[in-house]
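Residue strings, one per chain:
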Protein chains: 2
Amino acid sequence: MSGAAFIAVDWGTTNRRAYLIEGGEVVATERDDMGILSVPPGGFPAAVAGLRERHGGLPMLLAGMVGSNRGWHDAGYVLAPASLADLAARLVSPEEGVAIVPGVCRDGDERQDVMRGEEVQLLGAVAAGLAPGDALLCQPGTHAKWALMKDGALADFITAMTGEMFALLKGHALIGSEMTGEVEADADFRKGVEASADRDLLSALFGVRAAAVLGRRAPGAAAAYVSGLLIGSDCRARITLPGQQVHLLADGLLARLYSAAIAIAGGQAVVVDSHASFVAGITRIWDIKA
Amino acid sequence: MSGAAFIAVDWGTTNRRAYLIEGGEVVATERDDMGILSVPPGGFPAAVAGLRERHGGLPMLLAGMVGSNRGWHDAGYVLAPASLADLAARLVSPEEGVAIVPGVCRDGDERQDVMRGEEVQLLGAVAAGLAPGDALLCQPGTHAKWALMKDGALADFITAMTGEMFALLKGHALIGSEMTGEVEADADFRKGVEASADRDLLSALFGVRAAAVLGRRAPGAAAAYVSGLLIGSDCRARITLPGQQVHLLADGLLARLYSAAIAIAGGQAVVVDSHASFVAGITRIWDIKA
């Protein structure tokens, strides 16, 4: 690949990561907390102009929540199954020299789902050869995305509010006051993943309260246990075949937690570099568009 | 039954219901919002004295959260299986003429659970002949209790944070803003109960957001749908035999919702009067103690 230089931006709700890409290579990168929630009303043109000035006024390709109805400009959704070419064909340009990648949706009477930003990483992972063209990919987080790739396209996907549920429980539930201690892929986390086999989350969560009342769980162990319950529930709902490979677009703690849970649920995690995946995906879209 | 007159109080977290019982019959009743959370520190003796003065200074038997470590006096827990006689044998008396019924716990390495207040209703339902001595009973609410009765005793139970989860989602989740509209045992509620068959709550809940983004659910329908998802998850985890009878200690909306969900989950609900059950249970404890 030897496309023209451009600025790629992964612009999410709370963070923004920009890459200066020349000839398919990242030559500069910057990250800040200027997510869409921190941009004042009407402030996107100035925010974009600032980025472009810092990087030689190059054209820009944006992905993520910047293209939502709460971002700069609603870039809509492409219906799954979707390829990078499908995304490139549906770019939206809010101003000269700037384009936004659409999201991907799944529609149908029985189930609907949406993603915005993850599609570039998921398809990019396959484009970069970091994951096979037929694979189950997972991008954990506030809203964990699980994508089924077929022939290199994003064929279907499902979202679980795993991370959001943890924050809800910790912040506002009766058991929130028990959820102290660090979350790590330790014995307490694993106990939670084991307990999630019952597929009975509502009672397992109350059990955290009962264990505390009866002095059955060490103080500081509940946060990891609840994390295990939730991530375990998420993984068990997705892993249906023994030994199923899951390509995991994550690093750090989330990669450790999901790798452990996937293994306990009978699968096998392969950790994939999500930043390299994004760069590969956005560069491919840029080249197709050119 | 022809026991001496006494005042029975079902004293919960947010409400209090008092019954003047003479010769096994309720001759007066009062209800107010003086739950334990509204009693000031050190205020229980005065609150109790007020009640006794209004009812001829009779002795009192209290049940519910008043016997918790956040209430007046911690009355502890009796280990399941537990009978009314077991509860009567473990009354705690914080002052002359006043006794508090203990809660019931389930302990063991694999699972812990606690209840406080519900045990009087559950055992009372059987004592009054409103439910058989071998039965599955359900008392829905913030923390829904499901009790397995054997030979008239409370043999085992499990708690689900069904009602609390609904309040958490409505008050604090991303989908909370979609959860408008009344909850009723209508078509939207039933769709939620049907969807709960997947046993994949974390993704079903995110689907509420996706359906709203894609305009796939009528405004005002999501609250009933989420209620159906949660109550459906609760009932499906408990109903393991086709046609299983569930004696439901509830009235009004909760009785309608759980009856509908139990039927969809393959069971059969029998609605039981929870106030009559409480009176029967607390009167039996009083008579045993006398």
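Residues numbered from 1 in each chain as written. Chains lettered and ligands numbered in written order. Predicted model: local features only at pLDDT ≥ 70, side-chain atom pairs only at ≥ 80, totals over all residues. Heavy atoms only, no water.

By the naming in an unreviewed UniProt entry, chain A goes by 2-dehydro-3-deoxygalactonokinase and is assigned to Sphingobium fuliginis.

(A) Seen up close, the relation of the copies chain A and chain B. Here chain A sits on chain B after a turn of 180 degrees about the axis and a move of 0.0 Å along it, with an RMSD of 0.0 Å. Overall, the copies show the geometry of a two-fold rotation axis. No C-alpha of chain A approaches the rotation axis more nearly than that of A:R199, which lies at 3.2 Å. (Least-squares fit on C-alpha atoms with pLDDT ≥ 70 in both.)

(B) Representation of the sheet that holds strand β9 (residues 113-115) of chain A. All names here are of chain A. With mixed pairing, the three strands of this open sheet are ordered in space as β5-β8-β9. The sheet terminates laterally at β5 (77-79) and β9, the two strands that pair on one side only. The mean inter-strand angle of the sheet, taken between neighbouring strand axes irrespective of direction, is 30 degrees. Bridging between β5 and strand β8 (residues 103-106) involves three bridges; their strand directions are parallel. (Pairing = 2+ DSSP bridges. Helix = DSSP H or I, 4+ residues; strand = E, 2+ residues; numbered from the N terminus. Axes fitted to C-alpha atoms, helices over the stretch in contact; angles between N-to-C directions.)

(C) How the structure looks around the sheet that holds strand β3 (residues 25-32) of chain B. All names here are of chain B. Strand order in this open sheet of six strands is β3-β2-β1-β4-β7-β6, and the pairing throughout is mixed. Since the sheet does not close on itself, it has two edges, and those belong to β3 and β6 (92-95), each with one partner. On average, each strand axis in the sheet is inclined to that of its neighbour by 25 degrees, with strand direction left out of account.

(D) Molecular detail of the packing of aromatic side chains. Under the defined criterion, the tally for this structure stands at ten aromatic pairs over all chains. For the ring pair B:F6 and B:W286, a centre distance of 4.4 Å and an interplane angle of 10 degrees mean the geometry is stacked. Placement of the pair is B:F6 in strand β1 (residues 6-11) and B:W286 in helix α9 (residues 274-289), with a sequence separation of 280 residues. B:W286 matches B:F6 in its accessibility class, with the two residues each being buried. An aromatic cluster is built from A:W11, A:F44 and A:W72, whose rings are joined through pairwise contacts. A:R16 extends its terminal NZ or CZ atom over the ring of A:W11, reaching a point 4.9 Å from the ring centre. We note A:R217 situated over the ring of A:Y225; from NZ or CZ to the ring centre the distance is 3.8 Å. (Phe/Tyr/Trp six-rings, centres within 6.5 Å; stacked < 30°, edge-to-face > 60°. Buried < 20%, exposed > 50% of the residue type's maximum accessible area, 1.4 Å probe, protein only. Lys NZ or Arg CZ within 6 Å of the ring centre and 35° of its normal.)

(E) Molecular detail of the domain arrangement of chain A. Residue and element names in this part refer to chain A. We note that the domain assignment places domain 1 (6-160 + 273-289) and domain 2 (162-272) within chain A. Once you take the C-alpha centre of each, domain 1 and domain 2 turn out to be 28 Å apart. Across the contact, 23 residues belong to domain 1 and 19 residues belong to domain 2. Together, L136, P140 and W146 form the three largest contributors to the area buried by domain 1 at its contact with domain 2, with a combined 36%. Linking domain 1 with domain 2 are zero salt bridges. Between the two partners, domain 1 and domain 2, sit ten residue pairs in polar contact (both at pLDDT 80 or more). Broken down by element, the side of domain 1 that touches domain 2 gets its largest block of residues, five residues, from strand β10 (residues 135-139). The residue inventory of the side of domain 1 that touches domain 2, partitioned by class, reads 14 nonpolar, eight polar and one charged. (Domains from an automatic or database assignment. Contact = heavy atoms within 4.5 Å. Buried area = accessible area lost by both parts, 1.4 Å probe. Salt bridge = Lys/Arg side-chain N within 4 Å of Asp/Glu carboxyl O. Polar contact = N/O pair within 3.5 Å; in protein donor to acceptor, adjacent residues only side chain to side chain. Nonpolar A, V, L, I, M, F, W, Y, C, P; charged D, E, K, R; others polar.)

(F) Main features of the interface of chain A and chain B. With 44 residues of chain A at the contact, the number on the chain B side is 44 residues. Note on chain A versus chain B: buried area summed over both sides is about 3600 Å², and carbon and sulfur give 66% of it. At the boundary of chain A with chain B, the tally comes to six salt bridges. For the side of chain A that touches chain B, the secondary-structure elements that each account for two or more residues are β8, β9, β12 (153-160), α4 (162-172), α6 (201-213) and α7 (222-238) of chain A. Top element by residues in the side of chain A that touches chain B is α6(A). It accounts for ten residues.

(G) Up close: the environment of A:G141. For A:G141, the position within the fold is in the loop between β10 and β11 (144-150). Along the sequence, A:G141 and A:G23 sit 118 residues apart, while their C-alpha atoms lie 31 Å from each other.

(H) Focus on the nonpolar core. If you look at the biggest cluster of nonpolar residues, it comprises 86 residues, and the most contacted ones within it are A:W146, A:M165, A:L169, B:W146, B:M165 and B:L169. What A:L169 contacts, discounting residues up to four positions off in sequence, is A:I175, A:G176, A:M179, A:L205, A:V226, A:L230, B:M161, B:M165 and B:L168. B:L87, B:L91, B:A131 and B:V279 belong to the second largest nonpolar core, which has 36 residues in total. (Core = buried A, V, L, I, M, F, W, Y, C linked by side-chain atoms within 4.5 Å.)

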